[in-house]
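So the chains spell out like this:
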Amino acid sequence: QLRQLFGSAVPAFPPKFYLAMTKSMADKRRSQLEQYLQNVTLDSSITNSDVFIGFFRKLQQDTFQIQTQRAFLDVYLADGSNIRLDIQTSDTAERILEVASCKMGLSRELIKYFSLFFFQDHDDGALSVVKKVADFELPYVSLQSMKELHCKLGIRKWYMDPSLDKLLMDCGASLNLLYMQAIQEVKRNWIKPTEGQMQELEFLQKKANKAKCLELIREMQFYGYVRLDPCICDYPEEGCSADIYVGNNEINCCVKLPTEQTKEFSFQINRLRSWQVTFLGAAEDGEEDTLELRFEYNDSGTWQWIILYTKQAFLLSSCLKKMISEQMMKAAKKGQEM
């Protein structure tokens, strides 16, 4: 099936080859296939093709034995409210986002600045953004497959460059979405205001001036960043716990060393050469699968691999791709102007 979809780029081996493979060979083969499929999704001409979408639609429905039929789907906003949509179980994320945007009054030109995400609400009030939903993914089917994780489907802005906010300020629906997300991230301590900024924000909220509130929040630390759940990293030494913020063309890591000291490291995106996500195996306790993201980084002229063990590895990878694509678009636009 993979060869039919992607052509000769997927190597074919006779059945006897697979029978003769050792476990290490099989693991290596599986890892290579994972990397290949991740790279395939970087090519929009493939992921937007009817053949690709049809293949993965059938694959998802067959895997979880869900037939195409009418259903209702709740899509949550940042403030906890939700929109109930009348959909087909075979609708892609791209289609569901269009329907939700229409229901909210979001103009068609601005849909591209938002995306669907799976997230979890925890008992202690914390929020985890699990991953960005791929355009070809079937959200209804994915939610059924993640029932044990109690995931919800939500809408969040999908760009890493805060300067793009100004393109959305004239539309009431997009302004409302940006405002709700920013306020919730301040409440959850994802965005870190100073005491003075917090007092000014409370004053502006009483005046119900959303545009002025956003203007102030944009000046706060970590605005426009995506915050990951605490995870484990191997930098500057193995076994360190870390709080990760990704945005502003960096991966910001607040690392707790085994000595209980805390240090902050900033890995700049323009010094990062490559990265890869690897599936390390299914968790034995019924929790989410174990994933790692490793990136190759130039530290003082020396290239080294830095590893983050995080269940949000695919979300982090999506953020890195988004930052790089925005940098390229800026450079191309600047080149045209010059």
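Rules behind the numbers
- Residues numbered from 1 in each chain as written.
- Predicted model: local features only at pLDDT ≥ 70, side-chain atom pairs only at ≥ 80, totals over all residues.
- Heavy atoms only, no water.
- Domains from an automatic or database assignment.
- Contact = heavy atoms within 4.5 Å.
- Buried area = accessible area lost by both parts, 1.4 Å probe.
- Salt bridge = Lys/Arg side-chain N within 4 Å of Asp/Glu carboxyl O.
- Polar contact = N/O pair within 3.5 Å; in protein donor to acceptor, adjacent residues only side chain to side chain.
- Axes fitted to C-alpha atoms, helices over the stretch in contact; angles between N-to-C directions.
- Helix = DSSP H or I, 4+ residues; strand = E, 2+ residues; numbered from the N terminus.
- Parallel < 35°, antiparallel > 145°, perpendicular 65-115°, else oblique.
- Left-handed = near helix turned anticlockwise from the far one by under 90°.
- Nonpolar A, V, L, I, M, F, W, Y, C, P; charged D, E, K, R; others polar.
- Phe/Tyr/Trp six-rings, centres within 6.5 Å; stacked < 30°, edge-to-face > 60°.
- Buried < 20%, exposed > 50% of the residue type's maximum accessible area, 1.4 Å probe, protein only.
- Patch = residues over 30% accessible without salt bridge, like charges linked within 9 Å, V, L, I, M, F, W, Y side chains within 5 Å.
- Areas by Shrake-Rupley, 256 points an atom, 1.4 Å probe, with all protein chains shown as cover.
- Pairing = 2+ DSSP bridges.

(A) Molecular detail of the domain arrangement of the protein. The assigned domain composition of the protein is domain 1 (1-48), domain 2 (70-157), domain 3 (162-218) and domain 4 (226-337). In this assembly, five residues from domain 1 lie in contact with six residues from domain 4. Roughly 420 Å² of surface becomes buried between domain 1 and domain 4 when both sides are summed, with 42% attributable to carbon and sulfur atoms. Sorting the residues of domain 1 by area buried against domain 4 places E34, Q35 and Q38 first, and these three jointly supply 73% of that buried surface. Taken together, the connections running from domain 1 to domain 4 amount to zero salt bridges. Taken together, domain 1 and domain 4 are joined by zero residue pairs in polar contact (both at pLDDT 80 or more).

(B) Summary view of the packing of helix α8 (residues 172-187) against helix α9 (residues 195-206). Closest axis-to-axis distance for the α8/α9 pair is 13 Å, and the angle between their directions is 140°. Judged by the inter-axis angle, α8 sits oblique to α9. When the axes of α8 and α9 are compared, the crossing they make is left-handed. Contacts between α8 and α9 involve Y179, I183 and V186 from the former and M198, L201 and Q205 from the latter. Of the residues contributing to the contact of α8 with α9, the split by class is five nonpolar, one polar and no charged.

(C) Looking closely at the packing of aromatic side chains. All chains considered together, the criterion is met by 14 aromatic pairs. With a centroid separation of 4.7 Å and 85° between ring planes, the pair formed by F52 and F136 is classed as edge-to-face. Taken together, the residues F52 in helix α5 (residues 50-64) and F136 in the loop between β4 (127-132) and α7 (139-145) connect sequence positions 84 residues apart. Given the relative accessible area of 1%, F52 is considered buried. The class for F136 is buried, based on a relative accessible area of 14%.

(D) Up close: a nonpolar patch on the surface. Where nonpolar side chains cluster on the molecular surface, the patch consists of I232, L280 and Y309 and spans about 250 Å² of accessible area. Structurally, the position occupied by I232 is in strand β7 (residues 231-233). Look at I232 and you get partly exposed, because its relative accessible area is 37%.

(E) Looking closely at the pairing of strand β9 (residues 250-256). The element β9 is extensively covered by neighbouring structure, given that five of its seven residues are classed as buried. Both strand β8 (residues 240-247) and β9 contribute to a ladder of seven bridges, which runs antiparallel. Directly across from I244, in β9, lies its bridge partner C253. The turn joining β8 and β9, which pair antiparallel and follow one another in sequence, is formed by two residues; a positive phi near 50° is taken by N248. Where β9 and strand β10 (residues 262-268) come together, seven bridges link them in antiparallel fashion. Its bridge partner being in β10, V255 is matched across the sheet by K263. In this structure, the hairpin formed by β9 and β10 is closed by a connection of five residues, where E260 is found at a positive phi of approximately 75°.

(F) Local environment of the sheet that holds strand β3 (residues 114-121). Ordered in space as β2-β1-β5-β3-β4, the five strands form an open sheet in which the pairing is mixed. Only two strands of the sheet have a single neighbouring strand rather than two, namely β2 (82-88) and β4. Sheet twist, expressed as the average angle between the axes of neighbouring strands with direction ignored, equals 40°. Note: β3 against β4, five bridges, orientation antiparallel. When the bridges of β4 are listed, F118 appears paired with K131. Sitting on the sheet, helix α6 (residues 93-104) is in contact with β1 (70-76), β2, β3 and β5 (151-157), with an inclination near 130° to β2.

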